[in-house]
Structure formats: structure tokens, C-alpha cells
Amino acid sequence: MMALTIVTLSYSQQKTLTGFSKEGAEAEFKLEENFDRLLTPGNLDQWMKRLSARPHHLGSAYGKSNAEYLRDLFNSWGYDTQIETYKVLFPTPKIRILEMTAPTKYVARLAEPPLKEDATSGQTSEQLPVYNAWSPDGDVTAEVVFVNYGIPDDYEQLERLGIDVKGKIVIAKYGASWRGIKPKVAQEHGAVGCIIYSDPEGDGYFKGDVYPKGAFKNKWGAQRGSVQDMPIYPGDPLTPNIGATEDAKRLDRSEAANLLKIPVLPISYGDAQPLLEALGGPVVPEKWRGALPITYHIGPGPVKVHLKLQFDWKLVDCYDVIARLKGSEFPDEWVVRGNHHDAWVNGASDPISGLVSELEEARSIAMLVKDGWKPKRTILFCAWDGEEPSLIGSTEWVEQHATELQQKVVAYINSDGNGRGFVDVGGSHTLETMVGEITRDVIDPQTGVSVLERKKSADAVHSSTSKEKKEVLAKKNLTISALGSGSDYTPFIQHLGIASLSIGYGGESDGGEYHSIYDSYDHFKRFKDPQFEYGIALTKTAGRATLRLANAEVLPFDFKTFQTTLSKYLTEVITLLDNVRESTEIENQMIRERRYSLAADPAQKYIPPAAKDAVPYLNFGNLQNAVARLERSATVFNELPATGSQANTHLSQLNQLLYQAERKLITESGLPRRPWYKHTIYAPGFYTGYGVKTLPGIREAIEQRNWKEAQEQIEIASQAIEDFNRQVEGVNKILLLR
Ligand SMILES: [Zn+2]
């Protein structure tokens, strides 16, 4: 108790605000107090009830109704609001058949039953059935192989066991990677079909009581979701790099590089168990076992299944709601705040819990305006459509308005589903200081300490080593994570180089409702955030980000926090290369000395790995020098007083340089084999999907043992960091003048 009190005291004593003068900060704190006072949890509740009352996926009648309802809400508060409509490809199922034809017969049910405890679960005529969007049409019959999570490591194991998936249908568990990676890797290995099931170990009875008794997945619950190859490019597959307007030039579907070739279907563990139970072949490695009461086997066979899928490949309307509040001093500097409004089914948690927080933020800011306050910069509140299939609404909007957005957007602030628990922020590390100050100033509704201290406590407790624990406790700021993908920030940060944040709360409200018909108002009110306390905490957190970015005299970017993080990433990739070299040497020795074969059970089939090429030394010199120069300029930046009530002469130029800095981190050519992704520091992994790869060009080339490309990517990243450094030096020059 004592320690906490001291911590709180020391905060209030030194409560400064980056980017604000002393008077500016006082006015800002006052404004935020008024903002907080306006926040009403009942509004979130009422809007959630309305927006999740019926299924509202992309292209649905209720999705359109929600977009119009949102537009009218924003307009009623005084925002200048438009719906921007795109015409986008969106496949929905016509035929879904999965049946086991040998050794016994079983026809998969492929449906989640309505429950009397869940009022919206019976809206069957409007629900999208359980399916993976962007699976191609297909009709295949083949033997089955169980591939664990279906990630590259699992196929290595299969190779050791002498099991080939060529011509087979694989069955993989949900988890360990984004779902779209599973069919992608299966396809690369020659499989003809892919089934993804929810093992109870992931989000079923192994985790807690199942719905409706508890929050977790019941026997027939299944996870819808996209399997578009989004690490290539997201959005409408027919219009990469351009907005999918009515008259846009479209690719033929066969030309879209982000569409898979083998049929994919997600199923429940109720439907998976008969197949897994009947599989023969070797027993799986220990780590592959799930929580079903069976002995897991790999196959192939004797299980044979017939998988037939057919989709309606139609263009539908995609409705983005864009609400504007014009800035009084810098109308051409925009702060953009967004959350998607489409769901797979009713989507109370994903995405409505985040959207209602954004709505309350917009409503309260509008009330402050009615009271006479004006934001210096323009604020845009956005509600995106088509996020679930592949970030369509945000991507098409960003692609259509790219030039203007690159000029004007100061930062993009994203949220998505929200729940009870700990604050989680990912984003550009130039904004880490601002995030630290915000989380210092928002109070956790359950414990009364700042959300920063709550998060730090959880991080310290869950750190595995004493060294990590020490680091967490010693750090004043919140550590923000790097952004991979999985929500609407992707086009902003990774395509255009706009500094972005993604903010949410969670960790104490886990369940198995994700992308199922049970993600409902009833489920949310019982298991997620019944009083919307964390909905309000999100409004306070994201609202402060919006308000501070809109009001700051000098935009609160911090190049020192960015450089510190970048230096860590650089050390990581250098260490990665050393580790790969060391492991290659020892592996090759063990292969030469037949160690693997001698360690294996001679009674079972075992194929030793093949020797790998030796790992060369790469020249990191240019990159190390670029980072060292940045370290010097960022240190100077950190020591210069950014704000002061004096000279405003260069303010506008200074702010432009500050928010344009992130653009320097993108390259026109983009990443190898996926030029849509242009950021040299952050990208979703080619083989992880949502999971981030930092310094992605270098890191992935090393992981793929492509040494020539790794060296090329080192030079490309060096150039980007040199450009970024020149921008920081430009900022310093102005700060010295002031
Ligand atoms: Zn979502």
C-alpha cells in the first residue's frame, strides 16, 4: 500500500505534458477533467444493444442500417459526416459439405445451435454460416493428416516422421498463428484442402465452463474468419493500391495474389472429434496434443473426407462513416480516430465494445465544443466497414485518399474489441512518451491506481526472468508493442507511414465467443465488461490521445524512445544471425555424426534432417552507423526544450517536420514480394500473419536463409533511417532557433 502511495505522489508533483507549455498543460488537464465528467456508461450500453441487435456483416441490411444510424448520431452532435461507399468483392457460402467417407461415415453439422439464454443466437436467417472468407470454391476427397497448428515448424516435424501432405486434406488446430497462415503453408506443401478446428484446449472446456454456463466455446461453437493472404496486401483483392470506387479498374479474381488456391473450412470440436478419433498412423509428439479425450494420431488415413465448398463471389457496398470536426488553428493537420463497425455476426464484443467507446468520445468532445472549446487541429472520427473479411473499409479509404492523408494526418488512433483488465497499447514508438503520460493519468476502475501501474504490475509478475522484472519495474513509461496486423491501423502505418496507435483493455474477460454467433449482447453483459467500466476507461485513454494530439502546441513525438527501441531491434537481428550460424554449425555436425538417427527409436520411422548451407557474416556497418547518428540527434532533440510560450514563428513548420518523420521510414519499393507493405521497421510476418516482424526485410530474409536479400535489406533500412535522421536534425535546427 505504502509503495503505491509514494508512486502516486511523485506523479502528481511532476505532472508535465510533452508538447504543452505550463499554461497549456493546465488548460489541457482542465479540459480532460470536463471530458471525463461527461462520460456516461449507460450510453455505451444502449448503443451496444442497438448496434448488435441483428447480424451486421459487410453487405448485410443491418450493416447498412448501422452505418446510417452512426452517421445520424455524429451529425446530431454537430460533426460534418459522410458515408463513403466502395464496391468490394465479398464471397459468402452457397454450399458447405464436410463428410467423412472412411473408415466410417460422419456428416459434419457445421452449425452453432441457438440457445434460449442468448436472445440473438436464433437469428439464423440473417447469420453468415461458419466459414472462412476467401477460401476458393472446391470439391476434394482425400485422406486426412493432422498437422498440429499447421505452421512451418510443424511441417518440419512431419518431415522427420516421413509424412507428406501432398494430395491430402490437412486438419489444423486454431492458435499459434493467424488462421490464414495454416492453409497458406498447407498449400505450399501440396495439400489439397484445409480444415481448421477449435480444440477445447484453446478456448473451450480446458479454459473454463462453456457457454451458456460459462464464457468458453461449447461443443458446436466455431470460429469464422478471413483466410485472405493479408501479409501480401489487405483490402479488396481486386483493387490493390487504389480505392475500390464504382469505376475503379479491377483485377480478374485469378490475378489477385492474396487469394489462396485450396478450400478451407473452420469447424467445431464437436465436428472434429469423429475425424481425429478415427485417424491412424503414429501418435502425435507430446506438444501437439490437445484437450479432447482421445489419443491424437497424425494419419494419413484411414480417415478420408469429402470437402465441398461453393461461394457467391459478388460485389457488395462497403460503408465507411467519416465524421469531421474542423480545427481552429491548423485545419490541415488531422487527427484520425477509428474503429470498425462490421462484425462476423452480432459482434457485441468484436467490434461494438470498441466502437461504443469511440462514440462516447465523439459525443463528449462535441459537448466540449458546444461549451466553447475548439480543437486546434481537425479531428476525424471513422467507423469502418468490412474489417472482418480483410480490413476492407479502412484500406480502400486510405488507398483512395493516400496523397491527402500523407500530407495531413498527424496520427491514427485505432481501437477494436474491448474488455475488462489491463491496458494494451501497440504502435509507433515515437508516441511512447505520450502514451506513458496518458496511462499515468487514467485511473483503473477496479483498483484505483493508474492503468500504467496496473499494467506494469501485470507485466512484472508475468515476466519470466528477474532481469525482465527489473527492467519493467525500472521503466517510467509504458512499453508499447510493435504493430503487426489484425485491425484497421495496418493501411495507415504500414502502407502510408502514418504514426499509429492501437489501444484496448483486456485479459480478465477471456471467452470462446470470438467470431461466433455467441459474441452477443447477452454474452458481453455476463462475461466481458458488464458495467462498461473499461469501455469508459478506453474512452478516457483514446480520448486523451485524440485531445492531446489535437491541442498540443508542439506535437508530442519523441525520437529518443523510437531510437532506443530501434537499437534493440538492431541488436536482435544481429544476434539472430549469430544464433542461426551457431545452430547451423552444431546441427550440421550432429547430422554428419548421425546423432539424430542414433537418438531416434529404431522401431519407428525417422528421417534425419538434411545439412544446411553455412551462414555467412553480413555487413551491418551502414545500419549501425545510421542508428548511431540517430542516437546522437535524438539525444540532442531530447535535451532541447520543445515548448515555451515564446516565439511561435516556426511552429507550423516544426509540427509538420515532427509528424512527417514517420513517412521517412517507408520505402517506395516496399518489402520483397509484398510491395504494398512499405514500412522498414514494422510489418506483419509473412508466416505469422498478425504477429509483428520488426526490421521485417532483414529479419525475414535471415529466417528464410536468404543471405543476399538480407544484405540488400540492411542497406535499404539504413537509407530509411538516414532519411529519418535528417528529419530529426531538421527538427533540432528549428528548436535551436526558438
Ligand atoms: Zn475486430
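Here the structure is a predicted model, which means the values were calculated and not measured. (Residues numbered from 1 in each chain as written. Predicted model: local features only at pLDDT ≥ 70, side-chain atom pairs only at ≥ 80, totals over all residues. Heavy atoms only, no water.)

### What to know about the overall build of the protein
- Along the protein, the regular secondary structure elements total 24 helices and 16 strands.
- Computed over C-alpha atoms, the radius of gyration of the protein comes to 26 Å, within 12% of the 27 Å expected from 2.2 N^0.38 for 738 residues, which places it in the range of a compact globule.
- Across its three principal axes, the protein shows a C-alpha extent of roughly 80 × 60 × 60 Å.
- For the protein, buried positions account for 60% of its 738 residues.
- Surface summary for the protein: the accessible area is close to 28,200 Å², and the carbon and sulfur share equals 52%. (Helix = DSSP H or I, 4+ residues; strand = E, 2+ residues; numbered from the N terminus. Rg over C-alpha atoms; globule rule 2.2 N^0.38 Å. Buried < 20%, exposed > 50% of the residue type's maximum accessible area, 1.4 Å probe, protein only. Areas by Shrake-Rupley, 256 points an atom, 1.4 Å probe, with all protein chains shown as cover.)

### Regarding the coordination of the zinc ion
- Protein-derived coordination of the zinc ion comes from His340 (NE2), Asp350 (OD), Asp416 (OD) and Asp416 (OD), at a distance range of 2.0 to 2.6 Å.
- Viewed at the metal, the four donor atoms of the zinc ion are separated by angles of 54 to 143°, and the geometry they form is irregular.
- Taken in sequence order, the residues that donate to the zinc ion follow the motif H-x9-D-x65-D. With a gap of 76 residues between them, histidine 340 in strand E10 (residues 330-340) and aspartate 416 in the loop between strand E12 (409-414) and strand E13 (421-427) connect regions that are remote in the sequence. (Donors = N, O, S within 2.8 Å, 3.2 Å for Na, K, Ca; no water. Tetrahedral: all angles 85-135°; square planar, octahedral: opposite > 155°, others 65-115°.)

### Observations concerning the environment of valine 409
- Structurally, the position occupied by valine 409 is in strand E12.
- A residue is classified by how much of its surface remains accessible, and valine 409, at 0% relative accessible area, is buried.
- With 89 residues separating them in the primary sequence, valine 409 and isoleucine 498 have C-alpha atoms 6.9 Å apart.
- Once residues within four sequence positions are removed from consideration, valine 409 is found in contact with Trp334, Val336, Ile498, Tyr659 and Arg663. (Contact = heavy atoms within 4.5 Å.)

### A closer look at the pattern of salt bridges
- Considering all chains together, one arrives at 42 salt bridges under this definition.
- For arginine 629, the salt bridge is made with glutamate 722, and the minimal N-O distance between the two is 2.5 Å. With arginine 629 in helix H21 (residues 621-639) and glutamate 722 in helix H24 (residues 707-737), this pair connects stretches of sequence that are 93 residues apart.
- A salt bridge links arginine 674 to glutamate 700, with the shortest nitrogen-to-oxygen separation between them at 2.8 Å. You can see arginine 674 sitting in the loop between helix H22 (651-660) and strand E15 (682-684) and its partner glutamate 700 sitting in helix H23 (residues 696-703), a full 26 residues away along the chain.
- The class for glutamate 700 is buried, based on a relative accessible area of 13%.
- Because the salt bridges share partners, they merge into one network encompassing Lys15, Glu32, Asp36, Arg440, Asp441, Arg544 and Arg548. (Salt bridge = Lys/Arg side-chain N within 4 Å of Asp/Glu carboxyl O.)

### Concerning the packing of aromatic side chains
- Evaluation of the coordinates by the stated rule reveals 27 aromatic pairs.
- Ring centres 5.9 Å apart and planes at 80° place the aromatic pair phenylalanine 74 and tyrosine 79 in the edge-to-face group.
- Given the relative accessible area of 3%, tyrosine 79 is considered buried.
- Linked through ring pairs, Trp47, Phe74, Trp77, Tyr79 and Phe381 together constitute an aromatic cluster.
- Above the ring of tyrosine 677, the side-chain terminus of arginine 674 is found at 5.5 Å from the ring centroid. (Phe/Tyr/Trp six-rings, centres within 6.5 Å; stacked < 30°, edge-to-face > 60°. Lys NZ or Arg CZ within 6 Å of the ring centre and 35° of its normal.)

### Focus on H21
- When the terminal C-alpha atoms of H21 are compared, their 27 Å separation across 19 residues agrees well with the 27 Å that a helix rising 1.5 Å per residue should span.
- The complete set of buried residues in H21 reads Gly621, Leu623, Ala626, Val627, Leu630, Ser633, Ala634 and Phe637.
- Taken together, the buried residues of H21 touch helix H19 (559-592), H22, H23 and H24. (Expected span 1.5 Å × (residues − 1).)

### Regarding the layout of surface pockets
- Estimates place the volume of the second largest pocket at around 1,100 Å³.
- Taken together, 36 residues form the lining of the second largest pocket, with Pro152, Asp153, Glu156, Glu703 and Gln704 sitting closest to its centre.
- Classifying every residue of the lining of the second largest pocket by side-chain character gives 17 nonpolar, five polar and 14 charged. (1 Å grid on protein atoms, 1.4 Å probe; cavity = no way out; pocket = protein on both sides within 12 Å on 5 of 7 lines; lining within 4 Å. Points joined across faces, edges and corners; volume = space filled by probe spheres on them. Nonpolar A, V, L, I, M, F, W, Y, C, P; charged D, E, K, R; others polar.)

### Brief notes about the packing of H23 against H24
- Two elements in contact, H23 and H24, have axes whose closest approach is 8 Å; the angle formed by their N-to-C orientations is 170°. With respect to each other, H23 and H24 are oriented roughly antiparallel. Residues Gly697, Ile698, Ala701 and Ile702 of H23 form the contact with H24, whose own contacting residues are Trp707, Glu709, Ala710, Gln713, Ile714 and Ala717.
- Partitioned by chemical class, the residues of the contact of H23 with H24 number seven nonpolar, two polar and one charged. (Axes fitted to C-alpha atoms, helices over the stretch in contact; angles between N-to-C directions. Parallel < 35°, antiparallel > 145°, perpendicular 65-115°, else oblique.)

### So, the environment of lysine 733
- Relative to the assigned elements, lysine 733 resides in helix H24.
- Sequence separation between lysine 733 and phenylalanine 637 is 96 residues, and the spatial gap between their C-alpha atoms is 9.4 Å.

### A look at the pairing of strand E9 (residues 304-325)
- The pairing of strand E1 (residues 80-102) with E9 spans 21 bridges and is antiparallel. Residue pairing for E9: glutamate 99 is matched across the bridge by histidine 306.
- As paired elements, strand E4 (residues 138-146) and E9 share six bridges and run antiparallel to each other. Of the residues in E9, the one forming a bridge with threonine 141 is histidine 306.
- Sheet topology note: the E9/strand E11 (residues 377-384) ladder contains five bridges and is antiparallel. Along E11, the bridge assignment pairs arginine 324 with leucine 380. (Pairing = 2+ DSSP bridges.)

### Considering the packing of helix H14 (residues 451-462) against helix H15 (residues 466-474)
- Here H14 crosses H15 at 170°, and the two axes come no closer than 8 Å. By the angle between their axes, H14 is roughly antiparallel relative to H15. Seen from H14, the contacting residues are Lys456, Asp459, Ala460 and Val461; seen from H15, they are Lys469, Val472 and Leu473.

### Thoughts on the side chain of arginine 544
- Mapped onto the fold, arginine 544 is located in helix H18 (residues 533-551).
- What makes arginine 544 buried here is its relative accessible area of 5%.
- A polar contact is formed between the side chain of arginine 544 and the side chain of aspartate 36, at a distance of 2.8 Å.
- Here arginine 544 is in contact with Glu32, Asp36, Ile438, Asp441, Val442 and Thr539, once residues within four sequence places are set aside. (Polar contact = N/O pair within 3.5 Å; in protein donor to acceptor, adjacent residues only side chain to side chain.)

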